[in-house]
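# Report on the structure
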Amino acid sequence: MCIRDSNTAVEALNGTRNVLDPDAIDHAATLLQRARQVYCLGQGGSQVLAEDIWARFSMISTKFRTAGDSHMQAITASLMGPEDVLLFVSYSGSTRDMMDTLRLAKENGAKVILITHYDDAPGAALADVVLLCGAQENPLDSGSSPAKLAMLFVANVLVLRYTLDNQELANLSLSRTSQALGCKLL
């Protein structure tokens, strides 16, 4: 059982590496760099992943944020503007709450980056950039670890690219946050 699970995880990562478009990563990184603020959002288990992505970016810049449930996400999207970016995580790319949030953000001129598995998902039609993960998941495996691993891999590539584009800021931020957290260790 463990060998099968590890093989599935490796397949998810390899599949993601094969479908992840470097030009899409470049475009997404440019949008993030130019943004006034970036909201990292998702629904259900994908919200947990979005919060992890937000935490990674928040170590570099305070312009990254998150919002909890679908009501708070709708409020957030309704207040976004053309200088803002919405980074949404959704394996299916086809949930009602996600679509409502994306529509509100787009109506207000915000840019949308979608991390998903399906390039033909309804959410992809509203996205400025789609970042694909290659993990295969059937309906009975909803929220599987390999799918989460694949989406986090995509996010990690995006964080690394953003960091490379902002090395001076990233180094300063890492120094400051390390110093701030150093006293938390025993």
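An account of the accompanying structure is given in this report. (Residues numbered from 1 in each chain as written. Predicted model: local features only at pLDDT ≥ 70, side-chain atom pairs only at ≥ 80, totals over all residues. Heavy atoms only, no water.)

## Some thoughts on the sheet that holds strand S1 (residues 37-42)
Condition: In this description, strands pair whenever DSSP reports at least two bridges between them. Helix and strand assignments follow DSSP, with helices taken as H or I runs no shorter than four residues and strands as E runs no shorter than two, numbered in order from the N terminus. The contact criterion used is simple: two residues touch if any of their non-hydrogen atoms lie within 4.5 Å. For helices, the axis comes from a line fit to the C-alpha atoms of the stretch in contact; other axes are also lines fit to C-alpha atoms, and the angle between any two N-to-C directions lies between 0 and 180 degrees.
Read across the sheet, 5 strands follow the order S2-S1-S3-S4-S5 without closing on themselves; strand pairing throughout is parallel. At either end of the open sheet lies a strand with only one pairing partner, and these are strand S2 (64-65) and strand S5 (129-132). Relative to S5, strand S4 (residues 111-116) runs parallel, the two being bridged by 4 bridges. Bridging across to S5, Leu-114 finds its partner in Val-130. Where helix H5 (residues 96-107) meets the sheet, it contacts S1, strand S3 (84-89) and S4, and its direction lies at approximately 165 degrees from that of S3.

## Comments concerning the packing of aromatic side chains
Keep this limit in mind: Aromatic pairing here means that ring centres of Phe, Tyr or Trp (its six-membered ring) are within 6.5 Å. Orientation follows from the plane angle: under 30 degrees is stacked, over 60 is edge-to-face, and everything else is tilted. With a 1.4 Å probe rolled over the protein chains alone, any residue whose accessible area is under 20% of its type maximum counts as buried; one over 50% counts as exposed, and the rest are partly exposed.
Counted according to the given criterion, the structure contains 4 aromatic pairs. Taken together, a centroid distance of 4.3 Å and an interplanar angle of 10 degrees make the contact between Phe-57 and Phe-64 stacked. Exposure remark for Phe-57: the relative accessible area of 0% places this residue in the buried category. With 5.8 Å between their ring centres and 80 degrees between their planes, Tyr-91 and Tyr-118 make a pair best called edge-to-face. Residue Tyr-91 is located in the loop between S3 and H5, and its partner Tyr-118 is located in the loop between S4 and S5; the two are separated by 27 residues in the primary sequence. Using a relative accessible area of 10% as the deciding quantity, one classes Tyr-91 as buried. Here the aromatic cluster, defined as three or more aromatic residues joined through ring pairs, consists of Phe-57, Phe-64 and Tyr-162.

## Observations concerning helix H6 (residues 145-165)
The line we're drawing: Helices are assigned an expected span. That span is 1.5 Å times one less than the residue count.
Between its terminal C-alpha atoms H6 stretches 30 Å, which fits the 30 Å expected from 21 residues at 1.5 Å a residue. Of all the residues in H6, the buried ones are Pro-146, Ala-147, Ala-150, Met-151, Val-154, Ala-155, Leu-158, Val-159 and Tyr-162.

## Observations concerning the environment of Tyr-162
Relative to the helices and strands, Tyr-162 resides in helix H6. The sequence separation of Tyr-162 and Leu-152 amounts to 10 residues, and the corresponding C-alpha distance is 15 Å. If we skip the residues at most four places from it in the chain, Tyr-162 touches Ala-29, Leu-32, Gln-33, Phe-57, Ile-60, Ser-61, Lys-63 and Phe-64.

## A few points about a nonpolar patch on the surface
Rules: Patch rule: a residue counts if its relative accessible area is over 30% and it has no salt bridge; like charges are joined within 9 Å, and nonpolar side chains (Val, Leu, Ile, Met, Phe, Trp, Tyr) within 5 Å. Methods summary: accessible areas were calculated by the Shrake-Rupley approach with a probe of 1.4 Å, and residue burial reflects only the protein chains presented. A pair is scored as a salt bridge if a Lys or Arg side-chain nitrogen falls within 4 Å of a carboxyl oxygen belonging to Asp or Glu.
Residues Met-72, Ile-75 and Leu-79 make up a contiguous nonpolar surface patch of roughly 310 Å² in combined accessible area. Its relative accessible area of 65% is what places Leu-79 among the exposed residues.

## Structural notes on the packing of helix H3 (residues 45-58) against H6
The line we're drawing: When describing relative orientation, an angle under 35 degrees is termed roughly parallel and one over 145 degrees roughly antiparallel, while 65 to 115 degrees is termed roughly perpendicular and anything else oblique. What makes a crossing left-handed is the near helix being turned counterclockwise from the far one by less than a right angle; a clockwise turn instead makes it right-handed. For this classification, the nonpolar set comprises Ala, Val, Leu, Ile, Met, Phe, Trp, Tyr, Cys and Pro, the charged set comprises Asp, Glu, Lys and Arg, and every other residue, Gly included, is treated as polar.
Where H3 meets H6, the axes come as close as 10 Å, and the angle between the chain directions of the two elements is 20 degrees. By the angle between their axes, H3 is roughly parallel relative to H6. Judged by the twist between their axes, the crossing of H3 over H6 is right-handed. Side by side, H3 and H6 meet where Ser-46, Leu-49, Asp-52, Ile-53, Arg-56 and Phe-57 of the first sit next to Lys-148, Met-151, Leu-152, Ala-155, Asn-156, Leu-158, Val-159 and Tyr-162 of the second. Grouping the constituent residues of the contact of H3 with H6 by class yields 9 nonpolar, 2 polar and 3 charged.

## As for the pairing of S4
Heads up, the rule is: Call a crossover right-handed when, viewed with both strands pointing away from you, the route from the first strand across the helix to the second goes clockwise.
Counting buried residues in S4 gives 5 out of 6 residues, a clear majority hidden from the surface. With 5 bridges joining them, S3 and S4 adopt parallel strand pairing. Across the sheet, Val-89 pairs through a bridge with Ile-115, a residue of S4. Taken together, S3, H5 and S4 form a β-α-β motif whose crossover is right-handed.

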